[in-house]
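Structure at a glance
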Amino acid sequence: MNGISRLDIKQLRILSALLKLKNVSDVARKMGLTQQAISEQLRKLRDLFDDRLFIRQGNTMVATPKAIALEKPINQILTQVEALLIPKQFIPSSYKGVFTISATDYAIAALLPQLLEITRREAPGLKLIIRDFASDNVNQLISAGELDLLISFPEFIPANLIYDTLFEEQHICIAGKNTVFSSSTLSLAEVAAHPQLVVSASRANLRGSHDQWFADKGYARNIVMSVPGFSFVPDLLCSTDLIAFYPSRLLPNAKVKKLEVELLPPPFKVIAAWHPRSNNSDIHQWLIAQLKRI
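About the criteria used
- Residues numbered from 1 in each chain as written.
- Predicted model: local features only at pLDDT ≥ 70, side-chain atom pairs only at ≥ 80, totals over all residues.
- Heavy atoms only, no water.
- UniProt positions renumbered as here; feature names shortened; annotations may be inferred.
- Helix = DSSP H or I, 4+ residues; strand = E, 2+ residues; numbered from the N terminus.
- Rg over C-alpha atoms; globule rule 2.2 N^0.38 Å.
- Buried < 20%, exposed > 50% of the residue type's maximum accessible area, 1.4 Å probe, protein only.
- Contact = heavy atoms within 4.5 Å.
- Areas by Shrake-Rupley, 256 points an atom, 1.4 Å probe, with all protein chains shown as cover.
- Lys, Arg positive; Asp, Glu negative; His and termini not counted.
- Charge placed at Lys NZ, Arg CZ, Asp CG, Glu CD.
- Core = buried A, V, L, I, M, F, W, Y, C linked by side-chain atoms within 4.5 Å.
- Phe/Tyr/Trp six-rings, centres within 6.5 Å; stacked < 30°, edge-to-face > 60°.
- Lys NZ or Arg CZ within 6 Å of the ring centre and 35° of its normal.
- Pairing = 2+ DSSP bridges.
- Arc of directions from axis to C-beta.
- Salt bridge = Lys/Arg side-chain N within 4 Å of Asp/Glu carboxyl O.

By the naming in an unreviewed UniProt entry, the protein chain goes by LysR family transcriptional regulator and is assigned to Pseudoalteromonas sp. SD03. According to its UniProt record, the protein chain has this under Sequence similarities (unreviewed entry): "Belongs to the LysR transcriptional regulatory family."

So, in structure tokens, the structure goes:
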């Protein structure tokens, strides 16, 4: 170990260059060093290997048998070190591993069927674990390495994570397919007053993501029921007189119909987020690219 601690890559490069060029001046010029620096490194190499390594004959450095024997293994080492610095091309079809995604039920419905189709076709060695999105402990789980990727909305993502926007989504106002309204286009006042169903994924309460938007317009919503996910909404609307705001990518659905309203809430972003340690991960980058394709 003492010998290894005294040897560095620069010395190996100098020794390799001397074996090839057989001239101190030429090696110094090639490596951008002074002849004195080359000579000093050669002195250290002689001490380390307990051999003269080179004998000067005129302007030529003649290698000793010891130096000649070192040439092949030193060149192999330098080649392997250089290979470490060359970016390797990621080949999805050759990848084997398990990847854990935490996603909202919306993301599971809107994105994951297509993602699974892509991964089965292009990366059959990739196995996916899909977990429910739990906003309360998501940071702890991803920091501990129990999650690899989050698919959610920006307001549910901890500030210390990195994220990329996959697309923008729009909530559409919907009702059960047989629900009848007196007017073809509903005013905001009519929408606010009508009994509504909201999705409260992170907290079990009678609050929806567009409450503040309605309040800014001067209306209080008549929310009468909340459910933990979007998958419940069509069945509940189909059997009641409730209305709801529902992501456009989950439509059409035979159980519900789109309502015309005078103004829709602002669009929102759907994002993929990951821990900074995975920023250069090939599999992360590839999966995110596929999600953006979808």
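Past the structure itself, the notes keep going.
Another point: the overall build of the protein chain. A tally of helices and strands in the protein chain yields 12 helices and 14 strands. In terms of overall dimensions, the protein chain is more spread out than a globule: its C-alpha atoms have a radius of gyration of 33 Å, far above the 19 Å expected for 294 residues. With respect to the principal axes defined by its C-alpha atoms, the protein chain has extents near 105 × 40 × 30 Å. By the burial criterion, 40% of the 294 residues in the protein chain qualify as buried. Across the protein chain, contacts joining residues at least 24 apart in sequence account for 74% of those joining residues at least 6 apart. Counting only carbon and sulfur atoms, one obtains 52% of the accessible surface of the protein chain, whose full area is about 16,400 Å². In the protein chain, 33 positive and 27 negative side-chain charges are present, and the distance between their average locations comes to 11 Å.

This part covers the nonpolar core. Within the largest apolar cluster, 39 residues are counted, with the highest numbers of intra-cluster contacts made by Tyr106, Leu149, Ile151, Leu166, Val233, Leu237 and Val270. The leading source of residues in this core is helix α12 (residues 282-293), at five residues. Look past the residues within four positions of Leu237 in its chain and what remains in contact with it is Ile174, Ala175, Gly176, Leu197, Leu242, Ile243, Ala244 and Val256. Within the second largest apolar cluster, 22 residues are counted, among which are Ile14, Leu15, Leu18 and Ile74.

What follows covers the packing of aromatic side chains. Where two aromatic rings form a pair, the distance of their centres and the angle of their planes describe that pair. Enumeration over the complete set of coordinates arrives at 10 aromatic pairs. Here Phe133 and Phe156 contribute two aromatic rings whose centre-to-centre distance is 6.3 Å and whose plane-to-plane angle is 40°, an arrangement assigned as tilted. With Phe133 in the loop between β4 (126-132) and α8 (138-143) and Phe156 in the loop between β5 (149-152) and β6 (162-169), this residue pair connects regions lying 23 residues apart in the sequence. Taking relative accessible area as the criterion, Phe133 reaches 15% and is therefore assigned buried. Judged by relative accessible area, which is 24%, Phe156 ranks as partly exposed. Relative to Phe268, the ring of Phe153 lies with its centre 5.4 Å away and its plane at 85°, an arrangement referred to as edge-to-face. You can see Phe153 sitting in the loop between β5 and β6 and its partner Phe268 sitting in strand β14 (residues 268-274), a full 115 residues away along the chain. Of the two residues, Phe153 and Phe268, neither departs from the other in class, the shared state being buried. Through a chain of ring-to-ring contacts, the aromatic side chains of Tyr106, Phe133, Phe153, Phe156, Phe230, Tyr246 and Phe268 assemble into a single cluster. Here the guanidinium or amino end of Arg249 rests over the ring plane of Phe167, the centre of that ring lying 3.7 Å away.

In this section: the pairing of strand β9 (residues 196-199). Both faces of β9 are covered, namely the face carrying Gln196 and Val198 and the face carrying Leu197 and Val199. Direction of pairing for β9 relative to strand β10 (residues 223-227): parallel, over a ladder of four bridges. Directly across from Val199, in β10, lies its bridge partner Val227.

Per the UniProt record, "domain: HTH lysR-type" (unreviewed entry) is annotated on residues 7-64. In residues 7-64, helix accounts for 62% and strand for 14%; the two terminal C-alpha atoms are 19 Å from one another.

This part is about helix α7 (residues 112-122). For α7, every residue scored as buried is listed here: Leu112, Leu115, Ile118 and Thr119. Considered in projection along α7, the buried side chains sweep an arc of 120° and stay on one side of the axis. Among the structural elements, β3 (97-103), α6 (105-110), β4, β5 and α12 are those in contact with the buried residues of α7.

Let us look at the pairing of strand β2 (residues 60-63). Successive side chains on a regular strand alternate, one facing one side of the sheet and the next facing the other. Strand direction decides the pairing type here: strand β1 (residues 54-57) and β2, joined by four bridges, are antiparallel. Each residue of the ladder has a partner; that of Phe54, found in β2, is Ala63. The antiparallel hairpin formed by β1 and β2 contains two residues in its connecting segment, where Gly58 sits at a positive phi of about 65°.

Let us now look at the pattern of salt bridges. One pass over the full model with this rule turns up nine salt bridges. Two residues, Glu40 and Arg43, come together in a salt bridge whose shortest N-O distance is 2.7 Å. On the criterion of helical spacing, the pair formed by Glu40 and Arg43 is a turn pair, its members being three residues apart in helix α4 (residues 35-49). Residues Asp164 and Lys292 are paired through a salt bridge, measuring 3.0 Å at the closest nitrogen-oxygen approach. Of this pair, Asp164 sits in strand β6 while Lys292 sits in helix α12, and the two are 128 residues apart along the sequence. Given a relative accessible area of 27%, Asp164 falls into the partly exposed group. The class of Lys292 is partly exposed, set by a relative accessible area of 42%.

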